[in-house]
Protein chains: 2
Amino acid sequence: MASEQEFRAGERAVTPPEPNDAALTFIGRIRTPWMSKKETPRQGRLDGPECQIEILPLWLPALQGLEAYEFVEVLYWLHLSRRDLVLQSPKDGTVRGTFAMRSPVRPNPIGTSKVRLLGIEGNILRVQGLDCLDGTPLIDLKPDRCRFSPLGDVPDNAQSPD
Amino acid sequence: MASEQEFRAGERAVTPPEPNDAALTFIGRIRTPWMSKKETPRQGRLDGPECQIEILPLWLPALQGLEAYEFVEVLYWLHLSRRDLVLQSPKDGTVRGTFAMRSPVRPNPIGTSKVRLLGIEGNILRVQGLDCLDGTPLIDLKPDRCRFSPLGDVPDNAQSPD
């Protein structure tokens with residue numbers, strides 16, 4: 001796929017090894033209002049449009065207790081992204097290393113977002129704060145690390161990561 | 001591996017599908033002072049001990065520009081974790097869903113940390129804030145989403161995720 005794509009000035013690709021160090025299972029799918037890369041925001045906003053996260057039925061019991069959290073960290077697979085660029089040029093014309101950007105193009109195209117949890121109904125989470133295409137595969141959900149304890153149950157080190 | 005491990009009261013496992021939806025390539029390795037699960041902290045602290053992140057030489061150019069950031073998001077593969085628990089019981093005796101915890105045990109055992117970047121020398125990053133075992137495989141590095149622009153270059157939506 002990489003060969004079909006164009007380079008901007010200053011961009012550089014490498015030939016990465018076959019990705020076979022670990023394997024993922026998709027645990028659900030994300031529904032957003034964005035149907036093309038062009039209209040997808042560069043970063044989510046906690047006051048952005050409501051999106052849905054659909055969990056596969058197998059994993060439903062794993063949601064138990066998540067409703068107590070206001071903010072959830074979401075990991076998803078950026079399934080349309082090439083994986084071989086080490087230098088990238090955003091629209092502003094600068095050239096930067098892939099690890100100095102939150103671009104979807106990276107060796108392991110995993111996106112992370114902090115979302116506001118509006119509600120859970122069955123296997124559907126309603127959230128705000130996403131920035132990915134409709135249909136993006138879901139990898140993981142966890143309480144956001146900045147507030148990882150439910151109200152009224154704050155462990156000693158709850159504030160440490162900030 | 002799951003059958004060799006014990007359950008605590010209230011814990012529940014499922015039989016997950018073979019993880020073959022996407023594949024990861026390890027891009028480096030993390031060096032920490034923690035050699036066993038027992039001594040590894042439950043969550044990193046930004047004033048914790050200095051750790052090293054070693055990048056494979058192939059990806060070295062992708063670090064360009066990362067030195068401008070004070071906080072970096074690190075994704076790593078929790079290589080010793082089972083993947084089949086939907087309900088878990090932490091030491092406090094409660095039972096919670098896997099997605100309501102930041103436990104390393106999860107369908108896709110990926111850990112995320114926000115670290116303070118102390119310096120980069122060659123392919124080694126010196127950081128504070130990690131909470132993983134020595135030797136943990138590295139998956140990704142990106143500027144932390146809370147402060148994702150270098151000083152002096154703040155886009156319009158820089159503050160949106162908070």
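Up top is the structure these notes are about.
Only a predicted model underlies this, so the values are computations on that prediction, with no experimental measurement involved. (Residues numbered from 1 in each chain as written. Chains lettered and ligands numbered in written order. Predicted model: local features only at pLDDT ≥ 70, side-chain atom pairs only at ≥ 80, totals over all residues. Heavy atoms only, no water.)

Peer 1: Just give me the short version of the sheet that holds strand β9 (residues 124-128) of chain A, but keep the residues and values in it.
Peer 2: Residue and element names in this part refer to chain A. Spatially, β3-β4-β9-β8-β5-β10 is the arrangement adopted by the six strands of the closed barrel, whose pairing is antiparallel. On average, each strand axis in the sheet is tilted by 45° relative to the strand beside it, whichever way the strands run. Across three bridges, strand β3 (residues 28-31) lies against strand β10 (residues 136-143) in antiparallel orientation. Paired with I30 across the two strands is T136, which belongs to β10. (Pairing = 2+ DSSP bridges. Helix = DSSP H or I, 4+ residues; strand = E, 2+ residues; numbered from the N terminus. Axes fitted to C-alpha atoms, helices over the stretch in contact; angles between N-to-C directions.)

Peer 1: Break down the sheet that holds strand β7 (residues 96-97) of chain B for me, with residues and values.
Peer 2: Strand pairing within a sheet occurs via backbone hydrogen bonds; the two strands may be parallel or antiparallel. Residues and elements named next belong to chain B. Strand order across the open sheet formed by three strands is β1-β6-β7, with antiparallel pairing between neighbours. The sheet is open, and its two borders are formed by β1 (12-13) and β7, each paired with just one other strand. By the bridge criterion, two bridges tie β1 to strand β6 (residues 85-88) in an arrangement that is antiparallel. Bridged to A13 within β6 is L85.

Peer 1: Outline the interface of chain A and chain B, listing residues and values.
Peer 2: Taken residue by residue, the interface counts 65 residues in chain A and 64 residues in chain B. Roughly 6200 Å² is buried in total at the junction of chain A and chain B, and carbon and sulfur atoms are behind 55% of that figure. The largest share of the area that chain A buries against chain B comes from F99(A), R102(A) and R145(A), three residues that together contribute 13% of it. If you look at where chain A meets chain B, you find eight salt bridges. Measuring nitrogen to oxygen at the nearest pair gives 4.0 Å for the salt bridge that ties R145(B) to D144(A). (Contact = heavy atoms within 4.5 Å. Buried area = accessible area lost by both parts, 1.4 Å probe. Salt bridge = Lys/Arg side-chain N within 4 Å of Asp/Glu carboxyl O.)

Peer 1: Before we move on, can you summarise the pairing of strand β6 (residues 85-88) of chain A with the specific residues and values?
Peer 2: When β6(A) meets strand β7 (residues 96-97) of chain A, the two strands line up antiparallel, connected through two bridges. When the bridges of β7(A) are listed, Q88(A) appears paired with R96(A).

Peer 1: Hey, could you go over the pattern of salt bridges for me, with residue numbers and the actual values?
Peer 2: Working definition: two side chains of opposite charge can pair if their charged atoms are close together. By the definition in use, this model includes 28 salt bridges over all chains. A salt bridge links E73(A) to R102(B); the shortest N-O distance between them is 2.8 Å. Of this pair, E73(A) sits in strand β5 (residues 71-77) while R102(B) sits in the loop between β7 and β8 (110-121), each in a different chain. The class of R102(B) is partly exposed, set by a relative accessible area of 23%. The network of salt bridges with shared partners includes E73(A), R102(A), K114(A), D144(A), R145(A), E73(B), R102(B), K114(B), D144(B) and R145(B). (Buried < 20%, exposed > 50% of the residue type's maximum accessible area, 1.4 Å probe, protein only.)

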